[in-house]
Amino acid sequence: MPLYCTKCGAANEEFAEFCKSCGDNLIEAREKNTDKNDEPAQTSEKKLYRSRSNKMITGLAAGLAKYFDMEVDLMRILWVIAFFVSGSTIAIVYLIMAAVIPQEPE
Ligand SMILES: [Zn+2]
């Protein structure tokens, strides 16, 4: 399980102490992560955003990865594979999603 930075949403190594993206302290985030199971309300507030800080093109892949609790790199690989498999179709899907999904609030 990657550890997601509470500040920027970047996926970090499970035992990382500091966020590789923004340098935020992750120890607090990890403690929050461990008792997350007791708070079902938190998952219902989950929203899909394009990542502001961890983006390559539009931040869509990073936002989706966060939403689906996946590694950002894995999500990007899936997009690349999808591009190769379906070509322009997935490009259109990507552009529509990038246009519709709001950017993460600051
Ligand atoms: Zn961060």
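As shown above, the structure is provided for reference.
Residues numbered from 1 in each chain as written. Predicted model: local features only at pLDDT ≥ 70, side-chain atom pairs only at ≥ 80, totals over all residues.

Asker: Help me out: how do you make sense of helix α3 (residues 60-67) in this one?
Answerer: Every α-helical turn comprises 3.6 residues, leaving residues that sit three or four positions apart pointing alike. Across the eight residues that make up α3, a large majority, seven, are buried. Among the residues of α3, those classed as buried are L60, A61, A62, G63, L64, A65 and K66. The inward-facing, buried residues of α3 abut β1 (3-4), β2 (11-12), α4 (72-86) and α5 (88-100). Positive backbone phi, at 60 degrees, marks D69, one or two positions downstream of α3. (Buried ≥ 20, exposed ≤ 12 C-beta atoms within 10 Å, placed from the backbone. Helix = DSSP H or I, 4+ residues; strand = E, 2+ residues; numbered from the N terminus. Contact = placed C-beta atoms within 7 Å.)

Asker: Teacher, can you tell me more about α4 here?
Answerer: Here α4 spans 21 Å end to end across 15 residues, near enough to the 21 Å set by a 1.5 Å rise per residue. Within two residues after α4, G87 carries a phi angle of roughly 60 degrees, on the positive side. (Expected span 1.5 Å × (residues − 1).)

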